[in-house]
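Each chain, letter by letter, is given below.
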Amino acid sequence: MAYDKFTVLTSTAVPLPTDNVDTDQIIPARFLKATERVGFGDNLFRDWRYDVEGNPKKDFVLNDPTYSGKILLSGRNFGSGSSREHAVWALYDYGFRCVVSSFFADIFKNNCLNIGVLPVTVSPQFADKLLEKITANPAETITVDIPSQKITLDSTGESESFDINEYKKDNMQNGFDDIDYLLSMSEEIDAFASDK
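Below: a short report on this structure. Small disclaimer: the values here were computed from a predicted structure and weren't measured. (Residues numbered from 1 in each chain as written. Predicted model: local features only at pLDDT ≥ 70, side-chain atom pairs only at ≥ 80, totals over all residues. Heavy atoms only, no water.)

### Focus: the nonpolar core
A general tendency of soluble globular proteins is for nonpolar side chains to be buried together.
Now for step 1: Core analysis: the biggest nonpolar cluster contains 53 residues, and Phe-45, Phe-78, Phe-108, Leu-118, Ile-142, Val-144 and Ile-151 have the highest contact counts within it.
Now for step 2: Considering each element in turn, this core owes the most residues, six residues, to helix H3 (residues 86–94).
Now for step 3: In contact with Phe-78, other than residues within four places in its own chain, are Leu-16, Val-21, Ile-26, Phe-45, Leu-72, Leu-91, Val-99, Ser-101, Phe-103, Phe-104, Ala-105 and Phe-108. (Core = buried A, V, L, I, M, F, W, Y, C linked by side-chain atoms within 4.5 Å. Buried < 20%, exposed > 50% of the residue type's maximum accessible area, 1.4 Å probe, protein only. Helix = DSSP H or I, 4+ residues; strand = E, 2+ residues; numbered from the N terminus. Contact = heavy atoms within 4.5 Å.)

Below, the structure written as structure tokens:
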């Protein structure tokens with residue numbers, strides 16, 4: 001399934017300064033029955049966003065209109081727990097295109113790169129600075145630049161580099177998942193097959 005191309009993103013951000021956010025918190029297991037990738041955003045952080053009667057919890061950041069944007073800033077160890085792709089589907093469907101943390105669970109990180117959400121790993125110090133600045137001033141913007149592999153706090157110019165696999169970097173910039181990548185090479189594949 002193709003997704004939005006991602007080259008450079010400048011956006012405000014949503015601060016979630018919580019460590020050890022696991023995939024069951026991102027999308028609870030009871031919402032995993034669907035097999036299509038749409039509709040999961042409604043239940044992103046469901047048990048943190050809503051009470052048992054379905055009313056929004058006013059103290060949860062996604063229910064606070066002060067904060068918005070396509071970038072989610074999180075504490076350390078984001079995406080631990082089970083390997084469900086649905087967690088990333090929920091983030092993408094809600095509108096996030098980038099999650100920033102000082103540490104990601106490996107399987108979650110790979111799922112992000114396969115689905116079109118960029119996981120940006122920064123130092124703990126820079127993660128804290130971003131959370132502090134965005135919490136204090138929700139109008140602050142952050143720029144995430146895939147070609148240069150750099151994330152920048154726009155108001156101060158402070159930045160850090162981040163790592164991304166070259167294959168996934170190319171796919172993100174073209175809006176490809178693994179199948180889209182193969183389809184984009186169909187002429188080369190046909191030519192190779194015809195030479196055999």
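From this point, the narrative continues.
### Some words on the sheet that holds strand S2 (residues 13–16)
Now for step 1: The strand order S2-S4-S6-S7 describes an open sheet built from four strands, whose pairing is parallel. One side of each edge strand has no neighbouring strand; the edge strands of this open sheet are S2 and strand S7 (118–121). Going from strand to strand, the sheet's axes swing by 20 degrees on average, the running direction of each strand aside.
Now for step 2: Sheet topology places strand S6 (residues 98–101) next to S7; four bridges connect them, and they run parallel. Counted as the bridge partner of Val-100 is Val-120 from S7. (Pairing = 2+ DSSP bridges. Axes fitted to C-alpha atoms, helices over the stretch in contact; angles between N-to-C directions.)

### Side note on the packing of H3 against helix H4 (residues 106–115)
Now for step 1: At a closest axis distance of 9 Å, the pairing of H3 and H4 adopts a crossing angle of 50 degrees. Considered as vectors, H3 and H4 are oriented oblique to each other. Considering the relative orientation of H3 and H4, their crossing is right-handed. Contact residues: H3 offers Ala-87, Val-88, Trp-89, Leu-91 and Tyr-92, while H4 offers Phe-108, Asn-111, Cys-112 and Ile-115. (Parallel < 35°, antiparallel > 145°, perpendicular 65-115°, else oblique. Left-handed = near helix turned anticlockwise from the far one by under 90°.)

### A few points about the packing of aromatic side chains
The way to describe two aromatic rings as a pair is by their centre distance and the angle between their planes.
Now for step 1: What the rule picks out here adds up to eight aromatic pairs.
Now for step 2: Taken together, Phe-45, Trp-48 and Phe-60 form an aromatic cluster joined through their ring pairs.
Now for step 3: A cation over a ring is seen here: Arg-97 above Tyr-92, with NZ or CZ 3.6 Å from the ring centre. (Phe/Tyr/Trp six-rings, centres within 6.5 Å; stacked < 30°, edge-to-face > 60°. Lys NZ or Arg CZ within 6 Å of the ring centre and 35° of its normal.)

### Focus on the pattern of salt bridges
As a working rule, side chains carrying opposite charge can pair if their charged atoms are close by.
Now for step 1: Counted according to the given criterion, the structure contains four salt bridges.
Now for step 2: For Asp-4, the salt bridge goes to Arg-97, with nearest N and O atoms at 3.3 Å. Of this pair, Asp-4 sits in the segment before strand S1 (8–11) while Arg-97 is found in the loop between H3 and S6, placing the two residues 93 residues apart along the sequence.
Now for step 3: Since its relative accessible area comes to 43%, Asp-4 is described here as partly exposed. (Salt bridge = Lys/Arg side-chain N within 4 Å of Asp/Glu carboxyl O.)

### Quick look at the sheet that holds strand S8 (residues 142–145)
Now for step 1: A sheet is described by the order of its strands in space; here four strands give the open sequence S1-S8-S9-S10, paired in antiparallel fashion. Here the strands that pair on one side only, and so sit at the sheet edges, are S1 and strand S10 (159–161). Each strand axis lies, on average, 10 degrees off the axis of its neighbour in the sheet, ignoring direction.
Now for step 2: Contacting S8, strand S9 (150–153) and S10, helix H5 (residues 124–136) crosses the sheet at an angle of about 40 degrees to S9.

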